[in-house]
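Per-entry structural report
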Amino acid sequence: MAEEKQNPMKAITVDKLIINCCVGESGDRLTRAARVLEQLTGQQPVFSKARYTLRSFGIRRNEKIAVHVTVRGEKALEILERGLKVKEYELLQQNFSDTGNFGFGISEHIDLGIKYDPTTGIYGMDFFVCLTRPGARVSRRKIHKGRIGHPHKITKEDAIKWFQDKFEGVVLAKAI
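Residues numbered from 1 in each chain as written. Predicted model: local features only at pLDDT ≥ 70, side-chain atom pairs only at ≥ 80, totals over all residues. Heavy atoms only, no water.

A look at unusual backbone geometry
Backbone geometry at Glu88 places phi at a positive 60 degrees, although glycine is not the residue there. In this fold, Glu88 is placed in the loop between α2 (74-86) and β4 (90-92). For His144, which is not glycine, the phi torsion reads 55 degrees and is therefore positive. Looking at where His144 falls in the secondary structure, it is placed in the loop between β6 (125-132) and α3 (156-167). A residue is classified by how much of its surface remains accessible, and His144, at 67% relative accessible area, is exposed. (Helix = DSSP H or I, 4+ residues; strand = E, 2+ residues; numbered from the N terminus. Buried < 20%, exposed > 50% of the residue type's maximum accessible area, 1.4 Å probe, protein only.)

Describing the pairing of strand β5 (residues 102-106)
The buried fraction of β5 is high, at 4 of 5 residues. As paired elements, β5 and β6 share 5 bridges and run antiparallel to each other. When the bridges of β6 are listed, Phe104 appears paired with Phe127. (Pairing = 2+ DSSP bridges.)

Remarks on the packing of aromatic side chains
Under the criterion given, the structure shown has 7 aromatic pairs. Pairwise contacts between aromatic rings join Phe96, Phe102, Trp162, Phe163 and Phe167 into one cluster. (Phe/Tyr/Trp six-rings, centres within 6.5 Å; stacked < 30°, edge-to-face > 60°.)

Things to note about the pattern of salt bridges
Summed over the entire model, instances satisfying the criterion amount to 6 salt bridges. Salt-bridge contacts for Arg32 lead to Asp28; the nearest nitrogen and oxygen are separated by 2.6 Å. One end of the pair, Arg32, and the other, Asp28, are both in helix α1 (residues 28-41), 4 residues apart, so they sit about a helical turn from each other. Residue Asp28 is classed as partly exposed on the basis of its relative accessible area of 49%. One salt bridge in this structure joins Arg82 and Glu78, with 2.9 Å as the shortest N-O distance. A residue pair is termed a helical-turn pair when its members lie 3 or 4 positions apart in one helix, as Arg82 and Glu78 do in helix α2 at 4 residues. You can call Glu78 partly exposed: its relative accessible area is 40%. (Salt bridge = Lys/Arg side-chain N within 4 Å of Asp/Glu carboxyl O.)

Brief notes about the sheet that holds β5
As summarised here, the arrangement of the 5 strands in space is β2-β3-β1-β6-β5, forming an open sheet in which the pairing is antiparallel. Lying at the two open borders of the sheet, with one neighbouring strand each, are β2 (46-49) and β5. Adjacent strand axes in the sheet meet at a mean angle of 25 degrees, parallel and antiparallel pairs treated alike. The strands that α1 touches are β1 (13-22), β2, β3 (64-71) and β6; relative to β3, the one it contacts most, it runs at about 5 degrees. (Axes fitted to C-alpha atoms, helices over the stretch in contact; angles between N-to-C directions. Contact = heavy atoms within 4.5 Å.)

Regarding α1
Between its first and last C-alpha, α1 extends 20 Å over 14 residues, near the 20 Å set by a 1.5 Å rise per residue. On its buried face, α1 is in contact with β1, β2, β3, α2 and β6. With its phi angle positive at about 80 degrees, Gly42 sits one or two positions after the end of α1. (Expected span 1.5 Å × (residues − 1).)

Comments concerning the nonpolar core
Judged by nonpolar contacts, the single largest core of 39 residues is most densely connected at Ile19, Leu80, Phe102, Met125, Phe127 and Leu131. When contributions to this core are tallied by element, the ones reaching two or more residues are β1, α1, β3, α2, β5, β6 and α3. Examining the composition of this core, we find that 6 residues originate from one element, α1, more than from any other. Residue contacts for Leu80: discarding those within four places in its chain leaves Val14, Leu17, Phe102, Phe104, Val129 and Phe167. (Core = buried A, V, L, I, M, F, W, Y, C linked by side-chain atoms within 4.5 Å.)

What to know about the packing of α2 against α3
Where α2 contacts α3, the axes come no closer than 13 Å and their chain directions differ by 90 degrees. Between α2 and α3, the angle falls in the class roughly perpendicular. Residue-level contacts link Leu77, Leu80, Glu81 and Leu84 of α2 to Phe163, Lys166 and Phe167 of α3. (Parallel < 35°, antiparallel > 145°, perpendicular 65-115°, else oblique.)

Written out as structure tokens, the structure reads:
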């Protein structure tokens, strides 16, 4: 018999990469963080507002405190590769969600290959990766919306296996 063929509809791809940089205050630091994200992705970032007032943190409701950007396609894979290189391709089991997405954080943006600028400073950021399979649009389209069957949904184990195959990454059970 011939070798077993893979079903092309079961292939997992990166739907999008969301990069979030939470500064915790509005003003100059937030605009500098936005400039860093724009430098990294080449896209215009979006500002996020606080949902409610926290006096202990000194933030008010609807105050801009964070900046994020969504990247898709080949650029998302390239930026994800740079982010994983900082983490040395090691993620924890708890970095993966039950729905097959995963995320991690880095503490310094200069590790991604961006040149250090003393006027900008150093910012940490969170990377969150949404994985998908072909045919996922069925559940999101406007006309004749359908449901994705359980065998077609991406599980935590599928995401871990994809990460290990694609990036030769290591998934640790607990932090060292």
